[in-house]
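Spelled out, the chains give:
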Amino acid sequence: MRHVLSARQFDRSHLEDLFALAQDMEGLTKRRSLPDSTGPDGIVILFYQPSTRTRSSFRHAANCLRIPVWYETEDASVFSSAVKGESLEDTIRMFCNYPYVKAIVLRHPEDLSAQTAAGVADPFGIGIINGGNGTIEHPTQALLDLDTIRRNTTKELGQVQLVVANDIEFSRTIRSLLIMLSINYQPPEIGICAPEGINLPVDVQEELDGHGVGIRVFRDLAEAARWADFLYMTRPQIEYAARGIEDPEEKKAAIAARKELFRDFRLTQEILDSLDDDCSCKVMHPMPIDRRDFNEIAPEASHHPRCIYYSQAQNGLYIRMALLRKLFDN
Ligand code: NCD
């Protein structure tokens, strides 16, 4: 596999290989042993949208494996020549001519960005790793999400009761997770918990249908949590709700309206405390949690034993180490 563009690319044996390798990678870091350098081939990290976890974990993973990171942007939409009007195609092509670039980890707000970049990089033999393309996909997040589920249950992945909650319409992490899960493990049902009128994108619904995965609808987080083995929370994806709006006042209003829509879909300490001891629900979140003025998970609930999103983020490091190891061993 040269490019990692979509959750659809991974089959079960692929996934199980990566999960096992991620566990080895964890062991490697726990032994505090860095492997020998495998030579000058390395990566470029090119992010046109904000990121904390995805970017830092790719960088950290590369450092742990002694794979050079030849270039990394703070935010390419602000600090690269994109500001001067350069196209993504030109930037990618330019990096493809630099020596020792084996893969480019890309995050970009446009839906078609990862495919476009792969089209440019492919003839050069250089891989594109999709770190998030608009509202479409975030395949490496799906890898770490599934690995986290696997690590936190005794059930087979196909038996796990997963509820995805809050912004199921625009969250690319939910899209990739549901695609990866349904293609490979075909759970009988997944749960969705969102306001009336907010639905999964049609193509994701079709994907679930095609794999015989039913949808159970919840309008109440407490009820969803009682059913779920894993409750996957997300924040309102305000950047997409306000996409294309130039006027600052209109933009502010669109963001406020999006948050208002999800007002009743915030997980409180009270909900968590109301769950019986025999309820298996663990709370996941790709993070960031919107702590500015929304708090889809109450701050005090973050210490609750059911909340596993800090270790979920940590698993992101190991799975990205595993992924880089595989790509660089090829
Ligand atoms: C997510 C993303 O960028 O889609 N963040 C992440 O990579 N962990 C989720 C989000 O921004 O809401």
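Residues numbered from 1 in each chain as written. Predicted model: local features only at pLDDT ≥ 70, side-chain atom pairs only at ≥ 80, totals over all residues. Heavy atoms only, no water.

Caption draft 1: Local environment of the overall build of the protein chain. Of regular secondary structure, the protein chain possesses 13 helices and 9 strands. Relative to the compact-globule value of 20 Å for 330 residues, the protein chain shows a C-alpha radius of gyration of 20 Å, a close match. Dimensions of the protein chain, computed from C-alpha atoms along their principal axes, come out at roughly 55 × 50 × 40 Å. By residue count, 54% of the 330 residues in the protein chain fall in the buried class. A fraction of 81% describes how many contacts in the protein chain between residues 6 or more apart in sequence connect residues 24 or more apart. (Helix = DSSP H or I, 4+ residues; strand = E, 2+ residues; numbered from the N terminus. Rg over C-alpha atoms; globule rule 2.2 N^0.38 Å. Buried < 20%, exposed > 50% of the residue type's maximum accessible area, 1.4 Å probe, protein only. Contact = heavy atoms within 4.5 Å.)

Caption draft 2: The arrangement of the side chain of threonine 173 in detail. Secondary-structure assignment places threonine 173 in helix 7 (residues 172-185). Apart from residues no more than four positions distant in its own chain, threonine 173 is found in contact with His138, Gln141, Tyr232, Thr234 and Pro286.

Caption draft 3: Highlighting the layout of surface pockets. Taken as a whole, the largest pocket holds about 770 Å³ of empty space. For the lining of the largest pocket, the secondary structure elements donating two or more residues are helix 2 (53-65), helix 7 and helix 10 (238-241). The leading source of residues in the lining of the largest pocket is helix 10, at 3 residues. Taken together, the residues that form the lining of the largest pocket break down as 10 nonpolar, 12 polar and 10 charged. (1 Å grid on protein atoms, 1.4 Å probe; cavity = no way out; pocket = protein on both sides within 12 Å on 5 of 7 lines; lining within 4 Å. Points joined across faces, edges and corners; volume = space filled by probe spheres on them. Nonpolar A, V, L, I, M, F, W, Y, C, P; charged D, E, K, R; others polar.)

Caption draft 4: Quick look at the sheet that holds strand 5 (residues 162-165). The 5 strands lie next to each other as 7-6-5-8-9, forming an open sheet whose pairing is parallel. A single partner strand is all that each edge strand has here, and the edge strands are strand 7 (214-218) and strand 9 (282-284). For this sheet, the mean inter-axis angle between neighbouring strands, taken without regard to orientation, is 25 degrees. As judged from the 3 bridges shared by strand 8 (residues 230-232) and strand 9, these two strands associate in the parallel manner. Pairing of phenylalanine 230 across the sheet is with lysine 282, part of strand 9. (Pairing = 2+ DSSP bridges. Axes fitted to C-alpha atoms, helices over the stretch in contact; angles between N-to-C directions.)

Caption draft 5: Summary view of the site of the ligand. Looking at the ligand, the residues that line it are Thr54, Arg107, His138, Gln141, Arg172, Thr173, Arg235, Gln237, Pro286, Met287 and Pro288. Here an oxygen atom of the ligand sits 2.8 Å away from a polar atom, N or O, in the side chain of arginine 235. Contacts to the ligand include glutamine 237, whose side-chain N or O atom sits 3.0 Å from an oxygen atom. Isolated, the ligand exposes 320 Å² of accessible area, and the fraction of that covered by the protein chains is 93%. Applying the majority rule of atoms within 2 Å of the grid points places the ligand in the largest pocket. The class makeup of the residues in the shell around the ligand is 3 nonpolar, 5 polar and 3 charged. (Near = heavy atom within 4 Å. Polar contact = N/O pair within 3.5 Å; in protein donor to acceptor, adjacent residues only side chain to side chain. Areas by Shrake-Rupley, 256 points an atom, 1.4 Å probe, with all protein chains shown as cover. Sits in = over half its atoms within 2 Å of the grid points.)

Caption draft 6: Region of interest: the environment of cysteine 281. Note that cysteine 281 resides in the loop between helix 12 (269-274) and strand 9. Once the C-alpha coordinates of cysteine 281 and glycine 125 are considered, the two residues, 156 residues apart in sequence, prove to be 44 Å apart. Ignoring sequence-local partners within four residues, the contact set of cysteine 281 consists of Ala225, Ala228, Asp229, Leu231, Leu275 and Arg306.

Caption draft 7: How the structure looks around empty space enclosed by the protein. Evaluation of the coordinates by the stated rule reveals 1 cavity of 30 Å³ or more. Together, Arg53, Gln141, Leu144, His285, Pro286, Met287, Tyr309, Gln312, Ala313 and Arg320 line the largest cavity. Of all the secondary structure elements, the ones that give two or more residues to the lining of the largest cavity are helix 6 (139-151) and helix 13 (309-329). Among the elements that make up the lining of the largest cavity, the one with the highest residue count is helix 13 (4 residues). Classifying every residue of the lining of the largest cavity by side-chain character gives 5 nonpolar, 3 polar and 2 charged.

Caption draft 8: Representation of the pattern of salt bridges within the structure. The full count for this structure, using the stated rule, is 23 salt bridges. Note that glutamate 26 and lysine 30 form a salt bridge whose closest N and O atoms lie 2.6 Å from each other. Of the two residues, glutamate 26 and lysine 30 are both situated in helix 1 (residues 12-30); the distance of 4 residues between them amounts to about one turn of the helix. Classification of glutamate 26 as buried rests on a relative accessible area of 15%. Ionic contacts of the salt-bridge type, sharing partners, join the residues Glu26, Lys30, Asp147, Arg150 and Arg151 into one network. (Salt bridge = Lys/Arg side-chain N within 4 Å of Asp/Glu carboxyl O.)

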